[in-house]
Amino acid sequence: MKEPVNEYRLEMSGISKSFGVVSVLKDVNIKVKHGEIHALLGENGAGKSTLIKILSGVHQKDSGKVVLDGAEINPKNTHEGQVLGINVVYQELSLVKDLSVAENIYLHKLGASKFWMNWKELTKNAQELLDSLGFKIDATATVRDLSIVQKQVVEIAKAISEDTKVLVLDEPTTVFDPTDIKKLFNNLLKLKEKGISIIYISHHLDEIFKIADTITVLRDGIDTGSVPVSKTDKDSVIHLMIGRELKDLYPVRDLKIGEEPIFEVKNLAGKDCIVHDVSFSVKAGEVVGIAGLGGSGRTETAKLIFGADKKKSGTIFLEGEEIKINSPVDAAGYQIGFVSEDRKEEGVFLPLSIRRNISVTSFGSISSKLGFINIDSEYKKVLGLIEKLNIKTPSSEVNVKNLSGGNQQKVALAKWLSIDSKVIFIDEPTRGVDVGAKIEIYKLINEVAKKGVGVVVISSDMPEIMGISDRILVMHEGTFYGELQKDQFSEENILRYSIGEPLK
Amino acid sequence: MALTLKEQLSSPSGILKFLVKYNTVFIFILLLIFSALISDVFFTSVNLSNLLKQVSGIGIISIGMLIVILTGGIDLSVGSMVALLAVTFAILVNLVVLPLAILITIAIGFGLGSISGYLVAYQKMAPFVATLALMTIARGLGFIYSKGSPITFKTYGGLYMSNFANNSTLGIPNIALVFFIIVIITMVMLRYNVFGRLIIAIGSNEEASRLSGIKVNKYKFLVYAISGALAATAAIIVASRTNLGSPNMGMAWELDAIAAVVIGGASLNGGKGTAINTLMGVLILGLIGNILNLLNVPSYPQQVVKGGIIIFAVLLQRFESK
Amino acid sequence: MALTLKEQLSSPSGILKFLVKYNTVFIFILLLIFSALISDVFFTSVNLSNLLKQVSGIGIISIGMLIVILTGGIDLSVGSMVALLAVTFAILVNLVVLPLAILITIAIGFGLGSISGYLVAYQKMAPFVATLALMTIARGLGFIYSKGSPITFKTYGGLYMSNFANNSTLGIPNIALVFFIIVIITMVMLRYNVFGRLIIAIGSNEEASRLSGIKVNKYKFLVYAISGALAATAAIIVASRTNLGSPNMGMAWELDAIAAVVIGGASLNGGKGTAINTLMGVLILGLIGNILNLLNVPSYPQQVVKGGIIIFAVLLQRFESK
Amino acid sequence: EEIKTTQSSGNDTEDSGEIFNSKLDLTGKKIGYCTPSLNAPYYQALLQSIKSTTEKNGMEFISADGQNDINKQIAAVEDLITKGVDALLLNPKDPDALVGVTKMAKAAGIPVFILDSSINPSADFVTTIQSNNLANGELAGEWLVKKMGNKKMNIALLSGNAGNPVGKKRKQGLLQGITEEQLRTQGKIDLNIKTQAYTEWSYAGGLQAMEDILVAHPDINVVITESDVCVLGAIKAIKQAGKTNDILIVAGADGQKEAIKYIMETDFYGCTAMNSPVQIGKNAVKYAIEYINGKRDFDKTSFTAPLLITKANAAKYYNPKALF
Ligand SMILES: Nc1ncnc2c1ncn2[C@@H]1O[C@H](COP(=O)(O)OP(=O)(O)OP(=O)(O)O)[C@@H](O)[C@H]1O
Ligand SMILES: Nc1ncnc2c1ncn2[C@@H]1O[C@H](COP(=O)(O)OP(=O)(O)OP(=O)(O)O)[C@@H](O)[C@H]1O
Ligand SMILES: O[C@@H]1[C@H](O)[C@H](O)CO[C@H]1O
Ligand SMILES: [Mg+2]
Ligand SMILES: [Mg+2]
């Protein structure tokens, strides 16, 4: 490796940015060395993604300076950023669904390339790249047909397909299970060895302490300085982020769980998916966790139950009586709720305001017989939830697409957690949510359970699922391989069941 | 923290937002002023009342088109429906008492719209194809039932409707009042009624709506049925204005209606659009035709100028919303 | 790995995929067989060659429509463009040598399409409005240049074109050959050419395409320009078939073209659609008209039946793709 | 060019069939008719007349519709030829564009009769059967000048659709009638057409056009038109403006029953000229039968007689039950 001329590969200094009257970044500084993994942390809405987008050319800064390898740069668009060697995996998936995996990976090259497609070479290179990452994805598949995990992998492959100087990953692991995360980290370490500078954004502090060299914390658009990972610990980072100590991340589960199952599924199987022989029950007030590896069928199980996908067989009981669910409408009619893991496509209404998003599931309580909405009640309810979930926004009328990722997730949750349900399925409840807000969400889940609701939480986040569940079901290849009681909770046990092995 | 509507309006950025949201209103006012300046007869009450009468029919179907477009669909059948339903109304008005004739016509409109709605919502047909098929079918039926000739109103009920359609109340043509009432109901519905909220939600993210337990199919079905009922209302109005129902009515009106909705800033992808802006779109299109007629622009160049003004108006709108 | 057609067909799930992807082909074959059974003159070479001649003009603009729709746009101007460009070609063929007349006509088509392209790509106008404006303008210009009357071919060049347009090569009408060549070029382009892949990318996710450094505006501009050039080609063909250019040509063809593309399974949201399926859409629509004429169905009921068959064909397609 | 004229009989009866002499047995013979569109009552009436006459005479009737599109009409004729007919009656949407298919018909051994509209003389056809649009227009124009005398005329012209050749002929006729009569009786031409508007041959189109005209040109006192249909809707606007006493309507065609009724009952609808679809249809079938029977010496044009309908003779041509 050639000895670098400048100490820092990248220096961003005095960066400020406002959207209209909202000031998002104020005089932010960050410096990244060659071959460094630099963690960028902060609460939801602190300005992390915005800073990255300025670096890559999506947004233009209002003031400040960006220096790459000693030369000032000003990318006007992401293409210019790419040419300069800045590649980003954005927080929101942005793939072209009607093209193949291979084309997506090399999309930026297609734009610049000659006349004819070289399908053979394109596919070969893409497949080699994907294989080298250790994920099993067919490069000729159409992106539309991939799972969300696979899509995320394609995003990562896309970013490293080019020779890159600075690689930015904005919350790349929110849909990953522990094995996927391990694979990703191995890849990042390889890139680091090659001297590539990596900026890594995540709300999983464990990850950060595993992989990062340096940490920069943003708070309300102001940077609080950078520290080497070795010189700090989790608690002080949290303190920097939210300005206070965090005692217990997971609320104490001291509530009474009902005797009888409120909800029961027997021998469920899906028509066009891997789910088969799924049986389980949830008691009133119980929080049941579903763990498993990516692609094991957790999401599909929830969707089957909710009526979003077609069942092949299976019976469902609610409060002891058999019910038929053929569509989400039926499910909602039985007061069953479902929060999707894919908030952009299935969770929120991006072009609509926060108020209109949240109200969608709860018109019953705020409207008259003829469907006229009591706007005062609506505001009251929505403002209450914004406050309770600490959604960072200037008003309830802001369109959800202008919220930060974590705040969008809170909106998706608010929609379901605010109404009276009997059972609720939450798929990856805290995707992209900061530690502070996670607590609020866990509290809310707890409160909901306290009301006698049966809660089913699907999560790839090990500490999370162990922290909030009363019982964990572990999925393996489309069916539950085993069940863990509270005293059996451990990462090892979950992983063993996940890969289809008995406990030691 | 969150502001109420009033607070939002009173802040400077609130006014800006208001301007952006209703910029079509300003384009319309601009065109209005311009028209008044270049033609001395434009701003006479007779002409303004003519203008209102001329746009009411298309205006009413544009509102139906708006709610269909809000769900992300499209209804190409409305023009032909106007023809078929005008014929239907003319037949009925000569057969049964007026209120019944009106009722049955609107019911038939609702029923025909339901067919499109059924095909789109429950058979998952592309709205363009389903309503195109219905467009052909409705026009064909119109010709069949009328035997190709206009059917004239012959009864007292017909006479009553014809008087109603050509007279004014408080200076505003009655049929324009009907149109305005429909606009106001739609405005209220889209803002304050669950139905309106849900169709906007469906148009902005159908999958999320489905997973929110919204009866997506039911609402998609309903908007086409309502569009059909509004086409019936428009048909009654245009038939009454000419005293007859002809299978040639409403030719290509679907295009005008879509244009009005889109000029009113709605997105054909759904989820975006307001009744007031659609009203403006309707008035802008009507005004362009009217002023060119008043200025005696010959027909061939008139089409060219009309296209030019549409482009100009929409560019202006873009400029304002920047 | 990309499989060849043969490989795809040799695996059972491959066959299923193929069936789903090209289900429009099967609908067409079904209609073909059905038509041959109920009319004894249908499967005569004269009739088949008529059918091909009848659809070639609309077919060519449908291909232009397809590539516009793939980007998520729409081009309402094509019908009027055919009129204006047929007039243009008739004027030119009487003025300059034939190759030059063809070249200039296509160039003008490209230029007019560029105006829509410019408005959509660079001025961010809604495609529906921009091309609607151009539709009006083009029709108006057609009337102005022709003074409202058809312009007849008078020169040897015109005669040559007229012969070309009405004759066949190897049993296939020449103009159908032109159409087929355009279909094949488009097929190849959409699969093996960078331009083709990029317009699919844009229609599928415009924002993501932009973020990947694709010159989105350039490609959006280009598809409208190409659609214009194809409208010119269609205009030359239909003018040559009739020996004249008339401003009344191509009335409402835009609707037929969109219908053909959508019946061919394309999505109006962009990103989805193939040339072969569009070809099928064109043939299906043409065949319906042809067989109804042959079966002596009177005109009014014919429209009703036509609508019914469209619904039926599309439902069948849905059924197959399940 | 020789012109043959038959007497107009008007739109007398609903059932317009009439049996013609034929030496040959006509059963099994097919008459094909291609209409440019069916979007006008006139075309519908014409089709019905041909149909009932054909069937009355024991033949089979086949029709095809050009759907108001030159290319679709060509397709429709091609399909008729494919089906095989013994005579093809063609109402061409365009005088030049349909020339090709007449040749195609000839090659298939099918005689072509042009009706209602005209076709380029280079086409292969037996004869053209139509009303004399030019002469009819002239009669109406003359009548107008006679009626108005020296009074200053401010004229609005309501046309059908842009580029329609039949409309153009009638307009020429009207203007010729006016100017000729002025020259003859006043020795000068005072032609003051203040505006023209297209109505798309529709009631609603006429209504809207007239509303705008009355605003822009309040001094209009004469409306001339290419067809009754263009002005029937406009009357609403005139009534609405309270100008029925100030405006005189003169139509160059068609003798539609609603128009005749106005002529009988009011003073503002001055006259119209007979363009009887019933008569044209009957004649067309009659010529086709003659052709089938071996007659070949047809005149190139067979006009129905020019005929002006005014208050004086309106009652004679009024039939409330007529299709048109
Ligand atoms: N296009 C925009 N218009 C208006 N405000 C915006 C826009 N984009 C971001 N914001 C606001 O800027 C702030 C910072 O957002 P950003 O996405 O950078 O946060 P983040 O730190 O990445 O948060 P998260 O952890 O939730 O992803 C938020 O308050 C957000 O609402
Ligand atoms: N990482 C992966 N590797 C391979 N296949 C996968 C992967 N992720 C998803 N799949 C596919 O998705 C299907 C199950 O997806 P589902 O979304 O239900 O799983 P999950 O357990 O919820 O995982 P996650 O939501 O983390 O993707 C499987 O049939 C599998 O083909
Ligand atoms: O005279 C007729 C009618 O007026 C019709 O409406 C248009 O075409 C003409 O031939
Ligand atoms: Mg972010
Ligand atoms: Mg999942």
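Fair warning: this is a prediction, and the values are worked out from it, not measured in the lab.

## Quick notes on the overall build of chain B
Scanning chain B for helices and strands turns up 15 helices and 4 strands. For chain B, the C-alpha radius of gyration of 20 Å lies close to 20 Å, the compact-globule estimate for 322 residues. Dimensions of chain B along its principal axes, counting C-alpha atoms only, are 60 × 55 × 35 Å. Split into buried and exposed, the 322 residues of chain B put 62% on the buried side. For chain B, the computed accessible surface area is about 11,500 Å², with 72% contributed by carbon and sulfur atoms. Distance between charge centres in chain B, computed from 19 positive and 8 negative side chains, equals 5 Å.

## Digging into the UniProt feature "domain: ABC transporter" (unreviewed entry) in chain A
Listed under "domain: ABC transporter" (unreviewed entry) in the UniProt record, and renumbered for this structure, are residues 10-245 and 257-502 of chain A. What you have in residues 257-502 of chain A is 36% helix and 24% strand, and the ends, taken at the C-alpha atoms, are 28 Å apart.

## A look at the interface of chain B and chain D
At the junction of the two partners, chain B supplies 28 residues and chain D supplies 23 residues. Around 2,200 Å² of area is buried between chain B and chain D when both sides are counted, 51% of it from carbon and sulfur atoms. In this assembly, chain B and chain D are joined by 1 salt bridge. Across the salt bridge formed by Glu211(D) and Arg241(B), the nearest N and O atoms sit 2.7 Å from each other. Applying the counting rule to chain B against chain D returns 11 residue pairs in polar contact (both at pLDDT 80 or more).

## Focus: empty space enclosed by the protein
This model, assessed by the stated rule, comprises 11 cavities of 30 Å³ or more. Around the largest cavity, the lining is made up of 27 residues, and of these Gln54(C), Ile58(C), Leu285(C), Gly286(C) and Lys72(D) lie nearest the centre. Looking at the lining of the largest cavity, the elements that each hand over two or more residues are helix 4 (45-70), helix 12 (216-242), helix 13 (253-263), helix 14 (275-294) and helix 15 (299-320) of chain C together with helix 2 (70-83) of chain D. Among the elements that take part in the lining of the largest cavity, helix 14 of chain C stands out by supplying 6 residues, more than any other. Taken together, the residues that form the lining of the largest cavity break down as 11 nonpolar, 9 polar and 7 charged. Of the voids in this model, the second largest cavity is the one considered here, and its volume is about 150 Å³.

## Quick look at the coordination of the magnesium ion (ligand 4)
All names here are of chain A. Only Ser-49 (OG) and Gln-91 (OE1) from the protein reach the magnesium ion (ligand 4) as donors, at distances of 1.9 to 2.1 Å. Residue Ser-49 is located in helix 1 (residues 48-56), and its partner Gln-91 is located in the loop between strand 6 (86-89) and helix 3 (101-105); the two are separated by 42 residues in the primary sequence. A residue is classified by how much of its surface remains accessible, and Ser-49, at 18% relative accessible area, is buried.

## A look at helix 15 (residues 375-388) of chain A
Owing to its 3.6 residues per turn, the α-helix aligns residues three or four sequence positions apart on the same side. All names here are of chain A. If you check helix 15, its first and last C-alpha atoms are 20 Å apart, about what 14 residues at 1.5 Å a residue would give, namely 20 Å. Burial in helix 15 covers these residues: Ile-375, Glu-378, Tyr-379, Val-382, Leu-385 and Ile-386. Seen end-on, helix 15 carries its buried residues on one side only, within an arc spanning 140 degrees. Residues of helix 15 that are exposed and point more than 90 degrees away from the buried face comprise Asp-376, Lys-380 and Glu-387. One side-chain oxygen of the residue at the start of helix 15 lies 3.1 Å from the amide nitrogen of Asp-376, identifying that residue as Asn-374. Just downstream of helix 15, Asn-390 is the residue with a positive phi angle, here 55 degrees.

## Things to note about the site of ligand 1
Residues and elements named next belong to chain A. Inspection of the region around ligand 1 gives 18 residues, with Lys-48, Ser-49, Thr-50, Ser-404 and Gly-406 positioned closest. At 2.9 Å from an oxygen atom of ligand 1 is found a main-chain nitrogen or oxygen belonging to Gly-47. Between ligand 1 and Thr-50 there is a distance of 2.5 Å, counted from an oxygen atom to a side-chain nitrogen or oxygen. Here ligand 1, which alone exposes 640 Å², has 85% of that area covered by the protein. At the level of elements, helix 1 and helix 16 (405-417) are the ones that each hand at least two residues to the shell around ligand 1. Here the element with the most residues in the shell around ligand 1 is helix 1; it accounts for 3 residues. Looking at the shell around ligand 1, its residues break down into 4 nonpolar, 11 polar and 3 charged. Per-domain counts for the shell around ligand 1 show at least three residues from each of domain 1 (8-242) and domain 3 (348-418).

## With respect to the sheet that holds strand 14 (residues 311-318) of chain A
Residues and elements named next belong to chain A. The antiparallel open sheet is built from 4 strands, whose spatial order is 12-11-14-15. Of all the strands in the sheet, the pair left with one neighbour each is strand 12 (278-283) and strand 15 (321-323). For this sheet the average axis-to-axis angle between neighbouring strands, irrespective of direction, equals 20 degrees. Contacts from helix 10 (residues 298-306) reach strand 11 (261-270), strand 12 and strand 14, with the element oriented near 110 degrees to strand 11.

Scoring rules and cut-offs
- Residues numbered from 1 in each chain as written.
- Chains lettered and ligands numbered in written order.
- Predicted model: local features only at pLDDT ≥ 70, side-chain atom pairs only at ≥ 80, totals over all residues.
- Heavy atoms only, no water.
- Helix = DSSP H or I, 4+ residues; strand = E, 2+ residues; numbered from the N terminus.
- Rg over C-alpha atoms; globule rule 2.2 N^0.38 Å.
- Buried < 20%, exposed > 50% of the residue type's maximum accessible area, 1.4 Å probe, protein only.
- Areas by Shrake-Rupley, 256 points an atom, 1.4 Å probe, with all protein chains shown as cover.
- Lys, Arg positive; Asp, Glu negative; His and termini not counted.
- Charge placed at Lys NZ, Arg CZ, Asp CG, Glu CD.
- UniProt positions renumbered as here; feature names shortened; annotations may be inferred.
- Contact = heavy atoms within 4.5 Å.
- Buried area = accessible area lost by both parts, 1.4 Å probe.
- Salt bridge = Lys/Arg side-chain N within 4 Å of Asp/Glu carboxyl O.
- Polar contact = N/O pair within 3.5 Å; in protein donor to acceptor, adjacent residues only side chain to side chain.
- 1 Å grid on protein atoms, 1.4 Å probe; cavity = no way out; pocket = protein on both sides within 12 Å on 5 of 7 lines; lining within 4 Å.
- Points joined across faces, edges and corners; volume = space filled by probe spheres on them.
- Nonpolar A, V, L, I, M, F, W, Y, C, P; charged D, E, K, R; others polar.
- Donors = N, O, S within 2.8 Å, 3.2 Å for Na, K, Ca; no water.
- Expected span 1.5 Å × (residues − 1).
- Arc of directions from axis to C-beta.
- Near = heavy atom within 4 Å.
- Domains from an automatic or database assignment.
- Pairing = 2+ DSSP bridges.
- Axes fitted to C-alpha atoms, helices over the stretch in contact; angles between N-to-C directions.

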